[in-house]
Amino acid sequence: MIENLDNRERTHSCGALRKEHVGHRATLMGWCARRRDFGPLTFIDLRDRDGITQIVVNQEKAPDAHAKAKDVRGEYVLAVTGEVVLRDENSRNFKLETGDVEVQAGEIVILNDSRTLPFQLDTATPEALAAEDLRLKYRYLDLRRPQLQVNLRLRHRMILEINRYMDEQGFTQIETPNLIKSTPEGARDYIVPSRVQPGKFFALPQSPQIFKQICMIAGLDKYYQIARCFRDEDLRADRQPEFSQLDVEMSFATPEQIYRLIEGLFGRIFRLIGAELQTPFPRFTFAEVMRRFGSDKPDLRIEGMELQDLSSALTETTFAPYASVLAARGEVKGLVISGGAARSRKTLDELQDFAKRYGAGALAWIKLGDELSSSLLKALGNDKVIDLAGVAGAQKGDAVVIVAGKSDVVAASLGALRNEIARREKLIPENVFAPLWVTEFPMFEFHEDDRRYYSMHHPFTSPLDEDVALLERAVNGETELFGQLRAKAYDTVINGVEVAGGSIRIHRRDVQSLVFKALGMNEETARARFGFFLDALAYGTPPHGGIASGIERTLMVLVPTENIRDVMAFPKTASAQDLMIDAPGEVDPKQLAELHLRIIK
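Residues numbered from 1 in each chain as written. Predicted model: local features only at pLDDT ≥ 70, side-chain atom pairs only at ≥ 80, totals over all residues. Heavy atoms only, no water.

1. Points about the sheet that holds strand E4 (residues 77-86)
1) Next: Spatially, five strands are ordered E1-E2-E3-E5-E4 in a closed barrel, and the strand pairing comes out mixed. With direction set aside, neighbouring strand axes in the sheet form an average angle of 55 degrees.
2) Next: For strand E3 (residues 51-58) and strand E5 (residues 101-112), the ladder comprises two bridges, and the chain directions are parallel. Directly across from Val-56, in E5, lies its bridge partner Gln-104. (Pairing = 2+ DSSP bridges. Helix = DSSP H or I, 4+ residues; strand = E, 2+ residues; numbered from the N terminus. Axes fitted to C-alpha atoms, helices over the stretch in contact; angles between N-to-C directions.)

What follows is the structure, given as structure tokens:
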């Protein structure tokens with residue numbers, strides 16, 4: 001029978017009781033995680049967000065409570081009042097913080113019952129969890145799992161720490177609009193139709209970029225907010241259609257000021273889990289990390305395992321696959337696997353299949369075991385294979401894997417292989433955090449599909465001062481210079497995860513107009529999309545810069561987890577669906593009529 005709470009009040013959480021509470025009378029409230037029936041004694045593990053306390057109900061001492069305990073099932077909601085007692089020495093539970101004590105129940109109140117759950121909450125390992133789609137459908141049950149509750153409370157503490165730190169640094173929290181104008185550049189916008197302006201649409205912000213720059217033009221000097229952002233893009237394990245970011249902008253900022261600000265912030269954040277980050281963070285240019293690690297977000301916990309350029313050792317080769325690659329200004333690079341000579345051919349084939357996901361055509365290999373073996377022996381001969389292994393820096397017992405192709409393909413495939421090999425070989429230490437800055441990103445990147453340049457970050461990123469003249473020449477016809485332009489852009493990377501990214505912005509109207517032209521916008525298009533911003537730049541805009549840090553991305557490193565859904569309360573699936581509320585869904589035809597919309601099937 002379900003009873004009322006009446007005037008009962010909880011005195012302690014289910015994770016609070018310790019030896020010093022023995023003899024106290026306590027009232028706990030929570031869910032029945034487990035019930036064990038031993039005839040005259042019934043044990044209940046009572047759970048709330050703080051932990052679990054064992055309840056013991058003795059038939060002789062509390063017959064009414066014992067009778068109720070017999071009716072309790074999993075996930076029933078209970079209020080329990082009783083005396084805190086010390087457990088017997090041989091029955092203490094060292095896995096629980098409350099494991100030295102238990103509550104001897106005098107009263108049990110059943111506040112609500114529960115259906116049988118569609119999946120178990122108390123699985124022994126993550127692998128034993130129910131399918132993710134099922135857990136997302138019943139997200140309110142999945143969120144009862146202690147690990148998710150711990151993650152969300154860490155999120156809360158992190159945001160509190162961010163607010164404290166930014167206030168101490170003199171920043172003002174300012175909210176920017178969520179209904180803005182669509183500016184098709186970068187990811188796709190989520191579009192919102194206007195009822196009162198038929199045929200016109202708002203967009204949900206991909207970031208508050210323009211508004212925070214407007215704040216600098218307005219003289220607000222130091223802005224920040226925890227901003228909600230929306231991107232209609234294909235999802236991955238570290239992406240969601242809506243997410244939160246710490247958004248920061250400063251007037252008269254230099255990159256050095258941004259670096260110090262963010263290093264101090266991350267230092268504070270990581271102390272929440274007892275970790276100390278060494279500052280200043282090491283810095284690498286984009287060109288350097290791509291050359292050495294094949295990635296613009298390298299994991300520095302992996303010692304060594306840098307990409308080795310083998311091209312110079314193959315300049316005279318007649319082996320057609322390598323000769324054609326080098327003739328087309330491609331690259332041949334290798335990666336040494338320490339002790340890899342003992343790996344089977346099957347393992348190397350698996351690595352080849354992995355590399356092909358990143359565009360590699362083939363993965364050649366050399367094994368320096370007791371006998372030399374290589375997929376290149378027939379093509380290159382014994383001496384050249386030994387020479388290549390030496391250039392790569394391999395020692396006896398090692399293996400070398402080699403990829404040839406366009407520079408971006410070689411980097412992507414070997415960079416991903418570096419991480420995969422380190423994961424397989426257990427070369428990544430736990431509870432270690434390796435931050436770095438990546439600087440001087442390319443200003444533009446060329447897309448083969450439509451044969452045009454796009455901003456690597458966004459169109460408001462400033463070029464390096466010494467590259468402004470090159471930008472003007474590139475816009476005026478020397479298009480080969482676009483690939484040489486560098487930006488005042490920087491990313492913070494921790495353990496192979498990009499946790500923040502920013503830049504010094506363009507504050508000159510003439511330079512901003514040049515960038516719009518570089519992106520293929522004529523003056524009319526630029527004014528239609530960004531006219532208000534170009535006008536604002538003409539009214540005494542100070543030099544300014546900023547950065548944005550993903551709240552969920554940072555939490556993924558802190559927890560740690562590889563799934564962004566582990567650090568969000570109500571995430572979407574990989575197909576951008578909310579299975580719990582069944583969204584997106586259809587709307588009433590009357591609503592469509594009010595919005596002057598019609599569905600065409």
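There's more to say after this.
2. With respect to the pattern of salt bridges
1) Next: Overall, the coordinates contain 51 salt bridges when judged by the stated rule.
2) Next: Here Asp-45 and Arg-36 are joined by a salt bridge, their closest N and O atoms 3.3 Å apart.
3) Next: Overall, Arg-36 belongs to the buried group, its relative accessible area being 17%.
4) Next: Across the salt bridge formed by Asp-535 and Arg-527, the nearest N and O atoms sit 3.0 Å from each other.
5) Next: Residues participating in the shared-partner salt-bridge network are Arg-155, Arg-228, Glu-242, Glu-552 and Lys-572. (Salt bridge = Lys/Arg side-chain N within 4 Å of Asp/Glu carboxyl O. Buried < 20%, exposed > 50% of the residue type's maximum accessible area, 1.4 Å probe, protein only.)

3. Description of the environment of Ser-503
1) Next: Following the sequence through the fold, Ser-503 ends up in strand E21 (residues 497-504).
2) Next: By relative accessible area, Ser-503 is classed as buried at 1%.
3) Next: Residues Ser-503 and Ile-547 lie 44 residues apart in sequence; the distance between their C-alpha atoms is 6.4 Å.
4) Next: Leaving out residues up to four positions away in the same chain, Ser-503 has contacts with His-458, Thr-461, Lys-488, Ala-489, Tyr-490, Gly-545 and Gly-546. (Contact = heavy atoms within 4.5 Å.)

4. Section: the packing of helix H4 (residues 146-168) against helix H6 (residues 255-271)
1) Next: In the contact formed by H4 and H6, the axes pass within 10 Å of each other and the chain directions differ by 145 degrees. For the crossing formed where H4 meets H6, the hand is right-handed. Note on element contacts: H6 touches H4 through Arg-260, Leu-261, Gly-264, Leu-265, Arg-268 and Ile-269, opposite Met-158, Glu-161, Ile-162, Arg-164, Tyr-165 and Glu-168.
2) Next: Within the contact of H4 with H6, the residues separate by chemical class into six nonpolar, one polar and five charged. (Left-handed = near helix turned anticlockwise from the far one by under 90°. Nonpolar A, V, L, I, M, F, W, Y, C, P; charged D, E, K, R; others polar.)

5. So, the packing of aromatic side chains
1) Next: A full pass over the atoms with the stated rule returns 19 aromatic pairs.
2) Next: An angle of 50 degrees between the planes, with centres 6.3 Å apart, marks the rings of Phe-266 and Phe-270 as tilted. A residue pair is termed a helical-turn pair when its members lie 3 or 4 positions apart in one helix, as Phe-266 and Phe-270 do in helix H6 at four residues.
3) Next: Note on Phe-266: relative accessible area 1%, which makes it buried.
4) Next: Between Phe-319 and Tyr-322 the ring centres are 5.0 Å apart and the planes differ by 80 degrees, which places this aromatic pair in the edge-to-face class.
5) Next: Grouping aromatic residues by their ring pairs yields a cluster made of Tyr-259, Phe-281, Trp-437 and Tyr-490.
6) Next: One residue, Arg-452, lies across the ring of Tyr-454, its end atom 3.9 Å from the ring centre. (Phe/Tyr/Trp six-rings, centres within 6.5 Å; stacked < 30°, edge-to-face > 60°. Lys NZ or Arg CZ within 6 Å of the ring centre and 35° of its normal.)

6. Overview of the side chain of Glu-161
1) Next: Mapping Glu-161 onto the fold places it in helix H4.
2) Next: Polar side-chain contacts of Glu-161 include one of 2.7 Å to the side chain of Arg-268.
3) Next: Sequence-distant contacts of Glu-161, that is, excluding residues within four places in its chain, are made with Arg-268 and Leu-272. (Polar contact = N/O pair within 3.5 Å; in protein donor to acceptor, adjacent residues only side chain to side chain.)

7. Let's talk about a nonpolar patch on the surface
1) Next: Taken together, the side chains of Ile-191, Phe-201 and Leu-597 present a nonpolar region at the surface, about 250 Å² in accessible area.
2) Next: Overall, the relative accessible area of 42% leaves Phe-201 in the partly exposed class. (Patch = residues over 30% accessible without salt bridge, like charges linked within 9 Å, V, L, I, M, F, W, Y side chains within 5 Å. Areas by Shrake-Rupley, 256 points an atom, 1.4 Å probe, with all protein chains shown as cover.)

8. Quick word on the layout of surface pockets
1) Next: When its volume is computed, the second largest pocket comes out at roughly 660 Å³.
2) Next: Lining the second largest pocket are 20 residues; nearest its centre among them are Tyr-190, Ile-191, Ala-583, Pro-584 and Gly-585.
3) Next: Counting residues per element, the lining of the second largest pocket draws most heavily on strand E7 (residues 190-193), at four residues.
4) Next: When the residues that make up the lining of the second largest pocket are grouped by side-chain class, the tally is 15 nonpolar, one polar and four charged. (1 Å grid on protein atoms, 1.4 Å probe; cavity = no way out; pocket = protein on both sides within 12 Å on 5 of 7 lines; lining within 4 Å. Points joined across faces, edges and corners; volume = space filled by probe spheres on them.)

9. Describing helix H15 (residues 523-537)
1) Next: With 15 residues, H15 extends only 15 Å from end C-alpha to end C-alpha; this falls clearly short of the ideal 21 Å at 1.5 Å per step.
2) Next: In the structure, H15 departs most strongly from a straight axis at Phe-530, where the bend amounts to approximately 90 degrees.
3) Next: Where H15 is concerned, the buried positions are Ala-526, Phe-530, Gly-531, Phe-533, Leu-534, Ala-536 and Leu-537.
4) Next: Tucked inside the fold, the buried residues of H15 contact helix H5 (209-217) and helix H14 (509-518). (Expected span 1.5 Å × (residues − 1). Bend = angle between axes of the 7 residues up to and from the residue.)

10. Digging into the sheet that holds strand E13 (residues 331-337)
1) Next: With antiparallel pairing, the five strands of this open sheet are ordered in space as E12-E13-E16-E14-E15. Edge positions in the sheet fall to strand E12 (308-309) and strand E15 (372-374), since each has one partner strand and no second.
2) Next: By the bridge criterion, seven bridges tie E13 to strand E16 (residues 399-405) in an arrangement that is antiparallel. Its bridge partner lying in E16, Ile-337 is registered against Ala-399.
3) Next: Lying on the sheet, helix H12 (residues 407-424) is in contact with E13 and E16; it crosses E13 at an angle near 5 degrees.

11. Here's the deal with the packing of H4 against helix H16 (residues 551-558)
1) Next: Where H4 meets H16, the axes come as close as 11 Å, and the angle between the chain directions of the two elements is 120 degrees. With respect to their mutual orientation, H4 and H16 come out oblique. The handedness of the crossing between H4 and H16 is right-handed. Side by side, H4 and H16 meet where Asn-151, Leu-154, Arg-155, Met-158, Ile-159 and Ile-162 of the first sit next to Ile-551, Glu-552, Thr-554, Leu-555 and Leu-558 of the second. (Parallel < 35°, antiparallel > 145°, perpendicular 65-115°, else oblique.)

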